[in-house]
Structures are given as C-alpha cells and as structure tokens.
Amino acid sequence: MNVLIIGSGGREHTLAWKIRQSPQCERLYVLPGNAGTTSIAENPGLDPSDYDQLRDFILRNKVDLVVVGPEAPLVDGIRDYFNSDARLRRVLFIGPGREGAMLEGSKDFAKQFMNRHRIPTAASATFTPAQYNDAIQRIQQGSTPVVVKADGLAAGKGVIICETREEAEKAIIDILLKNQFGEAGNKVVIEEFLEGIEVSVFLLTDGRNYVVFPEAKDYKRIGDNDTGPNTGGMGSVSPVIFADPSFMKKVEERIIKPTIEGLKEEKIDFTGFIFLGLMNVSGDPYVIEYNVRMGDPESQVVIPRINNDFIDLLAAAAKGRLEGYKVDVTGKTAVTVVLASGGYPGSYEKGKVILGLDKVKKTIVFHAGTGTGQDDSIITRGGRVLAVTGMGENLKEALELTYSEVKNIHWEGMQYRKDIGRDLLELEK
Ligand code: AMP
Ligand code: GLY
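Residues numbered from 1 in each chain as written. Chains lettered and ligands numbered in written order. Predicted model: local features only at pLDDT ≥ 70, side-chain atom pairs only at ≥ 80, totals over all residues. Heavy atoms only, no water.

Chemist: Hey, could you run me through the site of ligand 2 in this one?
Modeler: Lining the immediate surroundings of ligand 2 are D218, G232, F275, R293, G295, D296, P297 and E298. D218 places a polar side-chain atom, nitrogen or oxygen, 3.0 Å from a nitrogen atom of ligand 2. Coverage of ligand 2 by the protein amounts to 88% of the 200 Å² it exposes when considered alone. (Near = heavy atom within 4 Å. Polar contact = N/O pair within 3.5 Å; in protein donor to acceptor, adjacent residues only side chain to side chain. Areas by Shrake-Rupley, 256 points an atom, 1.4 Å probe, with all protein chains shown as cover.)

As structure tokens, this is what we get:
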C-alpha cells in the first residue's frame, strides 16, 4: 500500500516509523515532514492545506491510505473535501469529518455532547460576548479555583486555570471582549475545577467499533516539578500505574462506550483516533477534553508499545472492520523525553546544529522541529525539536536508559525536563 501522512511533528514521525515497519508498506509520504521523516519516507514539497494539489498528488501517486496527524485540517474539513470527490472516495482515510472534529474544535460542542450522553465531565456553562454580564455573575457566585476556556482551537493556550475570581474575570474579558484568541474566543466555557491526576486514553474507531490503545501520561509544563508555563508536552510515559484494570473498566463503561454510541446515535460519521484527556478524581474518570487525533508526545510512547501491523489496523478502521480486532500491547514501559529549544515555549532561535545523534543506539529518536542544514547537518527548526523514546522492563529501567541516551545529544540552548516519570515512580512505591 502507498501511504500518505499529513503533519510535521514528532507524532507524524512516530506514525511514519511504525507504518514503515509494515510489510504492506510500499511508498510512504509525509507532508510536509521533517528531517527525521526524510530518512524513512518521501517528503514531497507540497502544501497539504492546498487540497486540490493534495488531491492531484494522491491520484497521480496512487495513494491508498491517508492519515491526518494534527487537528487543524480535520476541523477545517479535509475529510469532507475527500468525501465530496468521487475519485478520492476509494482512498482509505483516517480522521473524522468537520462535524466529528467539533469534539476538539469546540469545547462547547464537546460539553453539550457529553451532557446529552451522560458522560462524566466537569460542570460547565457557556457564554457569548452578549452574555458577558452573566459570565461575570457566574464567576462571582461560583467557587475557586475555576477554569476558563476559549471555545475554539487555541494551540493549547486557550485554557486558563484561575485561582481567584479576579483572574477569572480578567480571563473572560481577554477572551470575550479583547478577542485574545480571535474567533476561538467567540464563546467562553466556564468550568468547575477537577482535582486529581491526569491520564490520556487513545482509541481508534471505525464509527461503530473501537480498539483501545495503551494509556499515557503527559508532562505539560516546561519546568521540573510541573513549574513554569504550559507547552505542547515535554515528555510522556506509558503505561500509567494508576490506570489499572478497574479504572480502565470505568473508562470503558462510562466514557468510551457512551462516546461511540453517542456518535452513532447522532449520525456523526467518525473514522479515526479519539484522544480522551481524563482526570482521575479519587478513582473515578472524568473527561477534561476530547481530541480527534493522537497526542504528541504521547504517540512516541503509545505507538512503540503496539505490536500489530499498523497498516492492517488503520485499514481495518478505514474499512469499518474493527469488530473483534485485538490490539497486541507489549508489557514493557516506554518513556519519551522531549528536547526543546532554549526559550521555548516563549521565543527561541532556530537553525542550531544538532550534535551527537549518531551516538544514540538503544533508544528511538523521533524528530519534531528539525530540518536539514548545509552539508546535510540536522538543524533545529521549532520549539520542540526531538523526542527520545526508551523502553524497559519497568519504569525505572526505561527512565535510566532514556536519560543516559539523551546525554549524547546536544545543541546550543537545548533544554529538557529531568523529572519525567518521577511522580509515577513515587506512586509505585
Ligand atoms: P485542555 O486544553 O482542555 O486539555 O486543558 C489543558 C489543561 O488544563 C489540562 O490538561 C488540565 O491540566 C487543565 N484542565 C482543563 N480543564 C480542567 C478542569 N476542569 N479541572 C482541572 N484542570 C483542568
Ligand atoms: N500532548 C498533548 C496533546 O497532544 O494534545
């Protein structure tokens, strides 16, 4: 099969790495890709957001399977574009249409969906700019901490955890009146704060059936001990010790099944990944958010733990044939540590030469913001640059291996968290 992956981050390099291992894989394209994907796939210089050009490329190169990595093209309706063209309908496609992608694209939509299907989530209310006074009143009458969210996609920045009412009022003014998040802030969702530990669970669904992938924990803050600003994710671990069979059973019964049933009932066609951001509140799971894609850097620990032929799995989903499909997961623990540019998530310099990649032997280096410089050197081109994944018989072993390999890699200003997985090691004791 000829496969095309859309995206350019660590998630897409991981998908490409896994798909390349399938004996069914013939040509593999990543659009636009990065310096890591060039070694295992072709990266034709084409803008994936130009759907007409993309269609011509797919038809000309007889692409059989398309996998969309990030959410933006899905929310934008790339799947609907494919559905509207008879020649593209024979192409297997992983990713929901615009309506299904609203689960991620609109927090208000996701909340209403969960309420309709009685899926546990934090209590919330939604307000438009015309309802500004009601929003402020809600804050004045409610408790703190409280969570204020811009409704639409805001690149992970649209969620503000407010310790005081003043902070919450400011957040509402910024979103509703000052348009800090542009169109994403046409509505604001005010939500109860949930106290607990987060865990992410991933599904692949054909719209009727689903398979559950291994769970993962993500480390979002830039600094050790969860300090400093939020990032896209600085590391992750899978499995997660507290996501034991009894917790996962609750997730399946209370969240996964009603989500899939809800999509079916509402006739929302959904072929693709569902990423459940969950809060474990005293042993009970609550949905913090839905994403309609895999996580980054969660993919870098989840996908290497799956033993199945990934093309086989994705093709089964795209053909609506996931019933009875078994995902074979290794019992090993996977850890990924993200290496980022100095200054990230604020402003940072690009074009730094990355050294030492040839010394890494026992872990997998997934590329994110990398490019090819002069003399074929690998250079930095983004905030999150690499994710180094190590596997071990247990968490301690996986952490030791990963951190010992990270030490080989260097560029000017490189930063990474030294405490990935440390909280889970404590829990194991
Ligand atoms: P989101 O973009 O919805 O994933 O939110 C970003 C982060 O904000 C989450 O990963 C949580 O750490 C935190 N968060 C969001 N909603 C809540 C909530 N209701 N209670 C506590 N923390 C939350
Ligand atoms: N690491 C969080 C995400 O991919 O949304």
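Chemist: What is the right way to read the packing of helix α5 (residues 98-105) against helix α6 (residues 107-116) from this model?
Modeler: Between two packed helices, the angle of one axis relative to the other and the distance separating the axes together describe the packing. Between α5 and α6, whose axes approach to 6 Å, the crossing angle comes to 100°. When the axis of α5 is compared with that of α6, the two are roughly perpendicular. Note on element contacts: α6 touches α5 through K107, F109, A110 and F113, opposite E99, M102, L103 and G105. Within the contact of α5 with α6, the residues separate by chemical class into five nonpolar, one polar and two charged. (Axes fitted to C-alpha atoms, helices over the stretch in contact; angles between N-to-C directions. Helix = DSSP H or I, 4+ residues; strand = E, 2+ residues; numbered from the N terminus. Parallel < 35°, antiparallel > 145°, perpendicular 65-115°, else oblique. Contact = heavy atoms within 4.5 Å. Nonpolar A, V, L, I, M, F, W, Y, C, P; charged D, E, K, R; others polar.)

Chemist: Got a minute to help me understand the sheet that holds strand β16 (residues 284-291) in this structure?
Modeler: The strands making up a sheet are joined through hydrogen bonds of the backbone, oriented either antiparallel or parallel. The strand order across the open sheet formed by four strands is β10-β9-β15-β16, and the pairing between neighbours is antiparallel. For this open sheet the edge positions go to β10 (210-212) and β16, each flanked by a neighbour on one side alone. Taking the axes of each pair of neighbouring strands and ignoring which way they run, one obtains an average angle of 35° across the sheet. In this sheet, β10 lies alongside strand β9 (residues 197-205) in antiparallel orientation, the contact comprising three bridges. What sits directly across from L204, in β10, is V211. Packing against the sheet, helix α9 (residues 245-265) makes contact with β9, β10, β15 (272-281) and β16, and its axis sits at approximately 40° to β16. (Pairing = 2+ DSSP bridges.)

Chemist: Sorry if this is basic, but what is going on with unusual backbone geometry here?
Modeler: For residues other than glycine, phi is negative in most cases, and the peptide bonds are mostly trans. Cis rather than trans, the peptide bond between L31 and P32 has omega equal to 0°. The topology assignment puts P32 in strand β2 (residues 28-32). Of the consecutive residues D296 and P297, the connecting peptide bond is found in the cis state with omega at 25°. In this structure, K267 takes a positive phi of about 55° despite not being glycine. Inspection of the secondary structure assignment puts K267 in the loop between α9 and β15. A positive phi angle, near 60°, is found at D376, a position not held by glycine. Relative to the assigned elements, D376 resides in the loop between β19 (370-372) and β20 (378-380).

Chemist: Would you explain the site of ligand 1 in this entry?
Modeler: The local shell around ligand 1 holds 15 residues, among which E191, E192, L194, E198 and E289 are the closest. Here a nitrogen atom of ligand 1 and a backbone polar atom of E192 are 2.9 Å apart. Contact between ligand 1 and E198: an oxygen atom at 2.4 Å from a side-chain N or O atom of the residue. Listing elements by their share of the shell around ligand 1, those giving two or more residues are β6 (146-150), β7 (159-162), β8 (188-192) and β16.

Chemist: Honestly, the environment of L59 in this entry has me stumped. Any pointers?
Modeler: With respect to the element layout, L59 can be found in helix α2 (residues 51-60). Relative accessible area serves as the criterion here: at 26%, L59 is assigned to the partly exposed category. L59 sits 47 residues away from E12 along the chain, and the two C-alpha atoms are 22 Å apart. Residues in contact with L59, not counting those within four places in the same chain, are R87 and L88. (Buried < 20%, exposed > 50% of the residue type's maximum accessible area, 1.4 Å probe, protein only.)

Chemist: Can you help me understand the pattern of salt bridges in this one?
Modeler: Pairing between side chains becomes possible if they bear opposite charge and their charged atoms approach one another. Tallied over the entire structure, the rule returns 25 salt bridges. For K111, the salt bridge is made with E191, and the minimal N-O distance between the two is 3.1 Å. With K111 in helix α6 and E191 in strand β8, this residue pair connects regions lying 80 residues apart in the sequence. Here E191 falls in the buried class, since its relative accessible area comes to 7%. Connected through shared salt-bridge partners, D52, R55, D56, D85 and R87 make up one network. (Salt bridge = Lys/Arg side-chain N within 4 Å of Asp/Glu carboxyl O.)

Chemist: I tried to follow the nonpolar core on my own but got confused; where do I start?
Modeler: Inside soluble globular proteins, nonpolar side chains tend to come together where they are buried. In terms of nonpolar packing, the biggest core is built from 70 residues, with L4, L54, V66, L339 and I409 touching the most fellow members. In terms of residues, this core owes the most to one element, α9, which gives seven residues. The residues touching L54, leaving out its near neighbours within four places in the chain, are L4, I6, L31, L46, P48, I78 and F82. Within the second largest apolar cluster, 36 residues are counted, among which are A16, F275, I306 and L314. (Core = buried A, V, L, I, M, F, W, Y, C linked by side-chain atoms within 4.5 Å.)

Bear in mind that shape data such as this cannot, by itself, settle questions of function.
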